[in-house]
Amino acid sequence: MDTTLSIVLIVGLVALASAVGLIWRATRSRVSTPSGSERAVRVPSRYLAAGKTLTLLQVSAPLCSYCGAMRGILGSASTRESNAGHVEYDVSEIPEVIESFTIRRTPTTLLVSASGDVLFTLQGPTPPGVVSDHIQRAFAEIQRRSDDYLI
Amino acid sequence: MTTSSNHPGQIDPRGPRFGAGITSVLILIVLVFGLPVADRPAFDGAWWLFVAITALFAWGTLLGPAKHPYGVLFRALIRPRLSAPTYFEDDAPPRFAQLVGLIVSAVGITLHVLAVPYGLVIAAAVAFLAAFLNAVFGLCLGCELYNALLRLRTHRATPQA
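Report follows, based on the coordinates. Source: prediction; values computed, not measured. (Residues numbered from 1 in each chain as written. Chains lettered and ligands numbered in written order. Predicted model: local features only at pLDDT ≥ 70, side-chain atom pairs only at ≥ 80, totals over all residues.)

### What about the overall build of chain A?
Right, so step 1: For chain A, the helix and strand inventory stands at 5 helices and 5 strands.
Right, so step 2: In sequence order, chain A lays out its α and β elements as α-β-α-β-α-β-α-β-β-α.
Right, so step 3: In terms of overall dimensions, chain A is more spread out than a globule: its C-alpha atoms have a radius of gyration of 20 Å, far above the 15 Å expected for 151 residues.
Right, so step 4: Along the first, second and third principal axes, the C-alpha atoms of chain A reach 75 × 35 × 30 Å.
Right, so step 5: When burial is assessed residue by residue, chain A has 32% of its 151 residues classed as buried.
Right, so step 6: Taking as baseline every contact in chain A between residues at least 6 positions apart, the subset at least 24 positions apart corresponds to 70%. (Helix = DSSP H or I, 4+ residues; strand = E, 2+ residues; numbered from the N terminus. Rg over C-alpha atoms; globule rule 2.2 N^0.38 Å. Buried ≥ 20, exposed ≤ 12 C-beta atoms within 10 Å, placed from the backbone. Contact = placed C-beta atoms within 7 Å.)

So, in structure tokens, the structure goes:
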């Protein structure tokens, strides 16, 4: 085979691998807010982190490639934010939450206020920056709802 | 319920990624030297390097990623320079990934021995794709396959109502 063609094929292979990796990275996680029916449902208080304004409720499974990574990211985030607590459950431990919020993949993380309202749902392995950003948004939303209540 | 904590007895997930990085570079060398002469299979340097890579896949399959030479290298040279891992992972999925790498490279070696043109470089390209995705993006295709197969087995073993 011609050397130039060989180099073109090798560069093409690296480009293909990079494209696959970038597409995978862009689609592996998704952030959403609760739908209309989900807004009416509250997470029971027994599943929430005691004494915290915000609970990072992680749903994991034994055969889950990225649950360990997500555990590390959420654990670090809750250490930085004193008002946030991280709890982790196996899918079999919280069937009513799985059903109510239609959780179909692991890891999935619910950002839940102390009153049990789900503010954001992070599906898949979510980058640390996105987690931190949505924790701040969740705190702002909790504050806004508190202000509305006072008014 | 569990709270955030580490799981002792498992491996640092950065170890297999480091190993995948070395594997990617070695396979790239195989492709650079093997592709121009791939239409005439010969037992040249690229061939012997690919044999060595295959032997390393066999080592990882039999003894696990922790006892793999790249794992030892990671612990001796890289790990002391990094912060503590935020989590650990079970070594079974990366070990299965080594098995997948072994099967792919063994197919390439067999085709090359049978004088099949491009057999070795096609197998090398497939192995490179998987190793590169693991090293650069943290996507371990072999681990994903392992988890998918286990889920399938668990699903089949669960009695249907």
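Additional details are given in the paragraphs that follow.
### Focus on the sheet that holds strand β2 (residues 54-60) of chain A
All names here are of chain A.
Right, so step 1: Taken in spatial order, the 5 strands line up as β1-β5-β4-β2-β3 in an open sheet, and their pairing is mixed. Edge positions in the sheet fall to β1 (30-32) and β3 (84-90), since each of these pairs with one other strand and no more. Taken over all neighbouring pairs, the strand axes of this sheet differ in orientation by 20° on average, direction set aside.
Right, so step 2: Two elements, β2 and β3, share 7 bridges in a ladder whose sense is parallel. Each bridged residue has a counterpart across the sheet, and for Q58 the counterpart in β3 is E88. (Pairing = 2+ DSSP bridges. Axes fitted to C-alpha atoms, helices over the stretch in contact; angles between N-to-C directions.)

### Thoughts on the packing of helix α4 (residues 92-113) of chain B against helix α5 (residues 119-137) of chain B
Residue and element names in this part refer to chain B.
Right, so step 1: The N-to-C vectors of α4 and α5 enclose an angle of 165°; their axes lie 7 Å apart at closest approach. Classified by the interaxial angle, the pair formed by α4 and α5 is roughly antiparallel. Pair α4 / α5 crosses with left-handed handedness. Across the interface between the two elements, G101, V104, S105, V107, G108, L111 and H112 from α4 touch G119, L120, A123, A124, V126, A127 and A130 from α5. (Parallel < 35°, antiparallel > 145°, perpendicular 65-115°, else oblique. Left-handed = near helix turned anticlockwise from the far one by under 90°.)

### Considering the environment of V32 of chain B
Right, so step 1: Checked against the element boundaries, V32 of chain B lands in helix α1 (residues 14-34).
Right, so step 2: For the pair V32 of chain B and A46 of chain B, spaced 14 residues apart in sequence, the C-alpha to C-alpha distance is 8.5 Å.

### Focus on the packing of α1 of chain B against helix α2 (residues 45-63) of chain B
Residues and elements named next belong to chain B.
Right, so step 1: Contact geometry of α1 with α2 gives a least axis separation of 8 Å together with a crossing angle of 155°. Here α1 is positioned roughly antiparallel relative to α2, judged by the angle of their axes. Note on packing geometry: the crossing formed by α1 with α2 is left-handed. Between α1 and α2, the contacting residues are T23, L26, I27, I29, V30, F33 and G34 on the first element and G45, A46, L49, F50 and I53 on the second.
Right, so step 2: Its residues assigned to classes, the contact of α1 with α2 comprises 9 nonpolar, 3 polar and no charged. (Nonpolar A, V, L, I, M, F, W, Y, C, P; charged D, E, K, R; others polar.)

### As for the nonpolar core
Right, so step 1: One finds I27, L31, A124, A127, F128 and A131 of chain B to be the most contacted residues of the largest nonpolar core, which totals 34 residues.
Right, so step 2: Going through the elements one at a time, α1 (3-27) of chain A together with α1, α2, α4, α5 and α6 (141-157) of chain B are the ones with two or more residues in this core.
Right, so step 3: Here this core gets 13 residues from one element, more than from any other, and that element is α5 of chain B.
Right, so step 4: If sequence neighbours within four positions are ignored, F128 of chain B has contacts with L13 of chain A together with S24, I27, L28 and L31 of chain B. (Core = buried A, V, L, I, M, F, W, Y, C linked by C-beta atoms within 7 Å.)

### Focus: the pairing of β2 of chain A
All names here are of chain A.
Right, so step 1: Among the 7 residues of β2, 7 are classified as buried, and the element is accordingly described as predominantly covered.
Right, so step 2: Taken together, β2, helix α3 (residues 67-80) and β3 form a β-α-β motif whose crossover is right-handed.
Right, so step 3: Two strands pair when backbone bridges link them, and β2 and strand β4 (residues 108-113) are joined in this way by 6 bridges, in the antiparallel orientation. Note that in β4 the partner of L56 across the bridge is L111. (Right-handed = clockwise from strand over helix to strand, strands pointing away.)

### Some remarks on the interface of chain A and chain B
Right, so step 1: Taken together, the contact pairs 26 residues of chain A with 28 residues of chain B.
Right, so step 2: Of all the secondary-structure elements, those providing two or more residues to the side of chain A that touches chain B are α1, α3 and β3 of chain A.
Right, so step 3: At 10 residues, the largest contribution of residues to the side of chain A that touches chain B is made by α1 of chain A.
Right, so step 4: Taken together, the residues of the side of chain A that touches chain B break down into 12 nonpolar, 10 polar and 4 charged.

### Here we look at α2 of chain B
All names here are of chain B.
Right, so step 1: Spanning 19 residues, α2 covers 27 Å between terminal C-alpha atoms, matching the ideal 27 Å at 1.5 Å per step.
Right, so step 2: Its buried side turned inward, α2 meets α1, α3 (69-78), α4 and α5.
Right, so step 3: Looking one or two places after α2, you find G64, whose phi comes out positive at around 90°. (Expected span 1.5 Å × (residues − 1).)

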